[in-house]
Amino acid sequence: MAPTTPPEPLDPDMQAQLAQGRHEQLAARLGAAGRHALAGWVLEQIWEFAGACEHYARAGRPLDALRAAIDLGRPDVLDRVIAIFEAADATTRDHAAQLLQRRGRHADAARVLAFGDHSPAARARALIHTN
């Protein structure tokens, strides 16, 4: 589920564009300006999860990218986002694994946990739920 609060305040022009249904145009403008987190949020409001995922990844927001990739439901995109967590710190990987487990994606949670020095028991617990 998309966050209801944008990652930064919307100015009146942005609010007007959203009210007019011009989400894609606003997201493109925000992305061109390097405001990828907000562009991702805008696209998530219209369930355009592929674009949201890409913007969140560019913004350095791997957990938001993961959430959007799960909602998108495309294994190729989910695999690309999961790969991001190889370079993430242990806390971020833990949060990713928790998100995946809450969404019933236990095998994917075990994949994320395999990137770090997480205990084999944590990985095993995640895998047990896949059956």
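Sequence order as written defines residue numbering, which begins from 1 separately in each chain. At least 70 in pLDDT is required for a residue's local features to be given in this predicted model, at least 80 for side-chain atom pairs to be given and counted, and no such filter applies to totals for whole chains, interfaces and linings, which use all residues. With hydrogens and water excluded, all non-hydrogen atoms of the structure serve as input to the side-chain values.

Enquirer: Please set out helix H7 (residues 90-102) residue by residue, giving values where relevant.
Expert: Owing to its 3.6 residues per turn, the α-helix brings residues three or four apart onto one side. Runs of H or I in DSSP of at least four residues are treated as helices and runs of E of at least two as strands, each being numbered from the N terminus. The length a helix should cover is 1.5 Å for every residue beyond the first. Between its first and last C-alpha atoms H7 spans 18 Å; for 13 residues at 1.5 Å apiece the expected length is 18 Å, and the two agree. Of all the positions in H7, only Thr92, Arg93, Ala96, Ala97, Leu99 and Leu100 are classed as buried. One face of H7 carries all of its buried residues, which in axial projection span an arc of 160°. Residue contacts are counted whenever heavy atoms from the two residues lie within 4.5 Å of one another. For H7, the elements touching its buried residues are helix H5 (62-72) and helix H8 (106-114). Phi for Gly104, located one or two positions after H7, is positive at around 80°. The buried label goes to any residue with under 20% of its type's maximum accessible area, the exposed label to any with over 50%, and the partly exposed label to all in between, with areas taken from a 1.4 Å probe on protein chains only. The directions from the helix axis to the C-beta atoms form the arc being described.

Enquirer: Now, about the confidence of the model for the chain: what can you tell me, with residues and values included?
Expert: For the chain, per-residue confidence averages 91 on the pLDDT scale, and 87% of positions sit at 70 or higher. pLDDT measures how confident the predictor is about each residue, on a scale from 0 to 100. Averaged pLDDT values over the elements of the chain bottom out at 65 in helix H9 (residues 120-128) and peak at 98 in helix H2 (residues 23-32).

Enquirer: An account of the nonpolar core is requested, with residue identities and associated values reported.
Expert: Put simply, a nonpolar core is a bunch of buried Ala, Val, Leu, Ile, Met, Phe, Trp, Tyr and Cys residues held in one set by side-chain atoms that sit within 4.5 Å of each other. One finds Leu30, Trp41, Val42, Cys53, Leu66, Val81 and Phe85 to be the most contacted residues of the largest nonpolar core, which totals 33 residues. When contributions to this core are tallied by element, the ones reaching two or more residues are helix H1 (12-19), H2, helix H3 (36-45), helix H4 (49-58), H5, helix H6 (75-84), H7 and H8.

Enquirer: Tell me what's going on with the packing of H2 against H3, and back it up with residues and numbers.
Expert: Look at H2 against H3: their axes get within 8 Å of each other, and the N-to-C directions meet at 165°. The angle between H2 and H3 places the two elements in the roughly antiparallel class. As for the relative orientation of H2 and H3, their crossing is left-handed in sense. Contacts from His23, Glu24, Leu26, Ala27, Leu30 and Gly31 of H2 reach H3 at His36, Leu38, Ala39, Val42, Leu43 and Gln45. Note on residue classes: Ala, Val, Leu, Ile, Met, Phe, Trp, Tyr, Cys and Pro are nonpolar, Asp, Glu, Lys and Arg are charged, and everything else, Gly too, is polar. Of the residues that constitute the contact of H2 with H3, the class distribution is 7 nonpolar, 4 polar and 1 charged. Here an axis means a line fitted to C-alpha atoms, over the contact stretch when the element is a helix, while the angle between two N-to-C directions is reported on a 0 to 180 degree scale. Note on angle classes: values under 35 degrees are labelled roughly parallel, values over 145 roughly antiparallel, values of 65 to 115 roughly perpendicular, and the remainder oblique. Take the far helix as the reference: if the near one is turned anticlockwise from it by less than a right angle, the crossing is left-handed, and if turned clockwise, right-handed.

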